[in-house]
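# Per-entry structural report
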Amino acid sequence: MREIVIISGKGGTGKTSVTAAFAHLAENKVICDLDVDAPDLHLLLDPQVVREGAFHSGNEAVIDRERCIGCGTCMEMCRFGAVDADGEKFRIDPLRCEGCKVCVAFCPEEAIDFPSRHCGTRYVSDTRFGPMVHAQLFPGQENSGRLVSELKKEARVLAERMGRDLILCDGAPGIGCPVISSLSQADLAVVVTEPTPSGVHDLERVAELCDHFRIKVAVIINKHDLNAGHTEGIEAMCRRKGYVLAGRLPHDTVVTEAMVRRQAVTEMDGENFGRRVNEAWTVIQGLLNAH
Ligand code: SF4
Ligand code: SF4
């Protein structure tokens, strides 16, 4: 079983367009969208949900109005400003509650319940490119990395059950907990970057994270023709650090057209941008086979 995670130091570098194209090109895989804060792979892959389930993480405090005597202790004790007066009783704002349990411990009437927090929904779906594991967090719910780990586990079980030998993940952006969870057990991280000062900086940070976890790094420079100087800088960094430059993709309006049509760019264009993505995919397959 091989696992590729496609990441970027920040959002908006074309990571999801590249993932969708690889999902089109790769054979015998399970697709996994780990970008649960802002999932958009489903917009291109149009998944048909086969199975869904609730995702719970942490706990939240909920006041039982019947038992509450309105003493106000919970509001005094809450350091997060999550408790408000509600007539003669009190109520807790679920978006502000951090689940610290202090109010539960101090309520003299034991009127505060502490159920697990329902944060979102996880799905297993069918797409025209194969099975896909994905999720949607409810608004305001934070991705701690746990959901990412659960999705990866689910994708692995599904791949084993279906005899698939590749898991292709659209990773979480940034360098926080979710991306660290995205990288666990990965054989290869494909970093999609752009030739801008922040692109170079973000690549450096996210690639260092991969180095830390000893995960091989391949780099794709998207819109490489926007700034030759920064593109050269990224290429020099790859040579210096031993990252494989898997491809340079030009700035091309076909990427936006593909998004509008809800297609992978390789479904629309086999000559220019699409050919470059194909070439990058060949390099990545070579890296996986050599691993
Ligand atoms: S501490 Fe308990 S009894 Fe007092 S206001 Fe809060 S919920 Fe009600
Ligand atoms: S659990 Fe903590 S954060 Fe939530 S309402 Fe109670 S004291 Fe405030």
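Overview of the structure. None of these values were measured; they are calculated from a predicted model.

## Overview of the overall build of the chain
Scanning the chain for helices and strands turns up 11 helices and 13 strands. Taken along the three principal axes of its C-alpha coordinates, the chain extends 70 × 40 × 35 Å. Taking all 291 residues of the chain together, the buried fraction comes to 43%. Taking all contacts inside the chain whose residues are at least 6 apart in sequence as the whole, residues at least 24 apart take part in 76%.

## Things to note about the site of ligand 2
If you check the shell around ligand 2, you find 14 residues, and the closest are Ala61, Cys78, Cys97, Cys100 and Cys103. Looking at the shell around ligand 2 residue by residue, the classes come out as 11 nonpolar, 1 polar and 2 charged.

## Details of the environment of Asp35
Here Asp35 shows up in the loop between β2 (29-33) and α2 (41-45). Along the primary structure Asp35 and Ser17 are separated by 18 residues, whereas in three dimensions their C-alpha atoms are 13 Å apart. Filtering out sequence-adjacent residues up to four positions away, Asp35 remains in contact with Asp170, Gly171, Ala172 and Pro173.

## Here's the deal with helix α7 (residues 197-212)
In this model α7 runs 23 Å from its N-terminal to its C-terminal C-alpha over 16 residues, within 8% of the 22 Å that 1.5 Å per residue would give. Listed in full, the buried residues belonging to α7 are Gly199, Asp202, Leu203, Val206, Ala207, Leu209 and Cys210. Down the axis of α7, the smallest arc covering the buried residues is 150°, so these residues share one side. Those residues of α7 that are exposed and angled more than 90 degrees off the buried face are Pro197, Arg205, Glu208 and His212. On its buried face, α7 sits against β1 (2-7), α6 (177-183), β11 (188-193), β12 (216-222) and α8 (228-241). One or two residues past the end of α7 sits Arg214, with phi positive at roughly 55°.

## Some words on the pairing of β12
Consecutive side chains along a regular strand alternate between the two faces of the sheet. Extensive coverage of β12 is indicated by the burial of 6 of its 7 residues. Taken together, the 6 bridges between β11 and β12 define a ladder with parallel strand orientation. Considered in β12, the bridge of Ala189 is made with Val217. Inspection of the sheet shows β12 paired to strand β13 (residues 244-249) by 5 bridges, in the parallel sense. Bridge pairing in β13 links Asn222 to Leu249. Handedness of the β12-α8-β13 crossover: right-handed.

## Let's talk about the environment of Gly87
By secondary structure assignment, the location of Gly87 is in the loop between β5 (83-86) and β6 (89-92). Gly87 sits 17 residues away from Gly70 along the chain, and the two C-alpha atoms are 9.0 Å apart.

## Examining the nonpolar core
One finds Cys32, Leu168, Ala189, Val190, Val191 and Val219 to be the most contacted residues of the largest nonpolar core, which totals 69 residues. The element best represented in this core is helix α1 (residues 15-25), accounting for 6 residues. Non-local contacts of Val190, meaning those with residues more than four positions away in its chain, are made with Ile4, Ile6, Ala218, Ile220, Ala246 and Ile284. Formed by 13 residues, the second largest nonpolar core is a distinct cluster that contains Ala82, Cys97, Cys103 and Ile112.

## A few points about the packing of α1 against helix α11 (residues 273-290)
When two helices pack together, their arrangement is given by the angle between the helix axes and the distance between those axes. At their nearest, the axes of α1 and α11 sit 10 Å apart, and the two run at 70° to each other. Taken together, the axes of α1 and α11 are roughly perpendicular relative to one another. Between α1 and α11, the contacting residues are Val18, Ala21, Phe22 and Leu25 on the first element and Val277, Asn278 and Trp281 on the second. Across the contact of α1 with α11, the residue classes tally to 6 nonpolar, 1 polar and no charged.

Reading the values: the criteria
- Residues numbered from 1 in each chain as written.
- Chains lettered and ligands numbered in written order.
- Predicted model: local features only at pLDDT ≥ 70, side-chain atom pairs only at ≥ 80, totals over all residues.
- Helix = DSSP H or I, 4+ residues; strand = E, 2+ residues; numbered from the N terminus.
- Buried ≥ 20, exposed ≤ 12 C-beta atoms within 10 Å, placed from the backbone.
- Contact = placed C-beta atoms within 7 Å.
- Near = placed C-beta within 6 Å.
- Nonpolar A, V, L, I, M, F, W, Y, C, P; charged D, E, K, R; others polar.
- Expected span 1.5 Å × (residues − 1).
- Arc of directions from axis to C-beta.
- Pairing = 2+ DSSP bridges.
- Right-handed = clockwise from strand over helix to strand, strands pointing away.
- Core = buried A, V, L, I, M, F, W, Y, C linked by C-beta atoms within 7 Å.
- Axes fitted to C-alpha atoms, helices over the stretch in contact; angles between N-to-C directions.
- Parallel < 35°, antiparallel > 145°, perpendicular 65-115°, else oblique.

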